[in-house]
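Examination of the molecular architecture
For reference, the chains in residue letters:
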Amino acid sequence: MKSVALRINGLSEPVSYLDFIEPVEADSCFPFYRHNLGNGTILLFESLQSGSLNISTFTPYNSETNEPGKIEGTFEFTVSNENNDSTINITDGAFAFEVYAEW
């Protein structure tokens, strides 16, 4: 099984663009790629080389009507393994979430 995750800490507010290397609007960004080979071996790539996130839609949650907010966008990043001898390039990543809380 393969998985991709974006961990963003301390995002002050939704932005249209976030550079993972120099995240001005966030404390830190930690994307990673994980490949579980199924035999107990897990390949983990989390040493960030480059990356960014673009938010194309942000609609806040409406607490009066309980209408969920929406956040959509795209991302890309390059990460390497802990030995820095292999890299993974994630391109054309996309996300869309409903938001059930105030930002």
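Read on for an overview of the structure. (Residues numbered from 1 in each chain as written. Predicted model: local features only at pLDDT ≥ 70, side-chain atom pairs only at ≥ 80, totals over all residues. Heavy atoms only, no water.)

Turning to the overall build of the chain, a few remarks are in order. Helix and strand counts for the chain come out as zero helices and seven strands. The order of α-helices and β-strands along the chain, N terminus first, is β-β-β-β-β-β-β. Principal-axis analysis of the C-alpha atoms gives the chain an extent of 50 × 30 × 20 Å. Working note: accessible area of the chain is about 6700 Å², and carbon and sulfur atoms make up 47% of it. The average position of the 4 basic charges and that of the 15 acidic charges among the side chains of the chain differ by 13 Å. (Helix = DSSP H or I, 4+ residues; strand = E, 2+ residues; numbered from the N terminus. Areas by Shrake-Rupley, 256 points an atom, 1.4 Å probe, with all protein chains shown as cover. Lys, Arg positive; Asp, Glu negative; His and termini not counted. Charge placed at Lys NZ, Arg CZ, Asp CG, Glu CD.)

Quick look at the nonpolar core now. In this structure, L18, F20, L53, F75, F77 and F95 are the most contacted members of the largest nonpolar core, which totals 16 residues. At four residues, the largest contribution of residues to this core is made by strand β6 (residues 69-80). Leave out the neighbours within four places in its chain, and F77 touches V4, L6, F20, P31, F32, L48, S50, G51, I88, N89 and I90. (Core = buried A, V, L, I, M, F, W, Y, C linked by side-chain atoms within 4.5 Å. Buried < 20%, exposed > 50% of the residue type's maximum accessible area, 1.4 Å probe, protein only. Contact = heavy atoms within 4.5 Å.)

So, about the environment of F20. Summarising the element assignment, F20 is placed in the loop between β2 (17-19) and β3 (28-36). Setting aside residues no more than four positions away along its own chain, F20 makes contact with L6, C29, P31, L48, G51, S52, L53, E76 and F77.

Let's shift gears to the side chain of S52. In this structure, S52 sits in strand β5 (residues 47-59). What S52 contacts, discounting residues up to four positions off in sequence, is Y17, L18, D19, F20, T74, F75 and E76.

Further remarks concern the sheet that holds strand β4 (residues 42-45). What links the strands of a sheet is backbone hydrogen bonding, and the strands pair in either a parallel or an antiparallel sense. With antiparallel pairing, the three strands of this open sheet are ordered in space as β1-β3-β4. Either end of the sheet is taken by a strand with one partner, and the two such strands are β1 (2-9) and β4. On average, adjacent strands in this sheet sit at an angle of 20° to one another, irrespective of strand direction. Examined bridge by bridge, β3 and β4 share four bridges and lie antiparallel to one another. The residue bridging H35 from the neighbouring strand is L43, located in β4. (Pairing = 2+ DSSP bridges. Axes fitted to C-alpha atoms, helices over the stretch in contact; angles between N-to-C directions.)

A few words on the sheet that holds β6. Strand order in the open sheet formed by four strands is β2-β5-β6-β7, and the pairing between neighbours is antiparallel. What marks the edges here is a single partner per strand, and that holds for β2 and β7 (87-99). Taken over all neighbouring pairs, the strand axes of this sheet differ in orientation by 15° on average, direction set aside. Here β6 pairs with β7 via 11 bridges, running antiparallel.

All told, the structure shown has four aromatic pairs when counted by the stated rule. Taken together, the ring pairs connect F75, F77, F95 and F97 into an aromatic cluster. (Phe/Tyr/Trp six-rings, centres within 6.5 Å; stacked < 30°, edge-to-face > 60°.)

What follows is about the pattern of salt bridges. When the charged atoms of two side chains lie near each other, side chains of opposite charge can form a pair. This structure, assessed with the given rule, holds two salt bridges. Here E46 and R7 are joined by a salt bridge, their closest N and O atoms 3.4 Å apart. In this pair, E46 is assigned in the loop between β4 and β5 and R7 in strand β1, connecting sequence segments 39 residues apart. The class for E46 is partly exposed, based on a relative accessible area of 39%. Taking relative accessible area as the criterion, R7 reaches 33% and is therefore assigned partly exposed. For K70, the salt bridge is made with E72, and the minimal N-O distance between the two is 3.4 Å. In this structure K70 comes out as partly exposed when scored by relative accessible area, which is 39%. A relative accessible area of 24% means that E72 is categorised as partly exposed. (Salt bridge = Lys/Arg side-chain N within 4 Å of Asp/Glu carboxyl O.)

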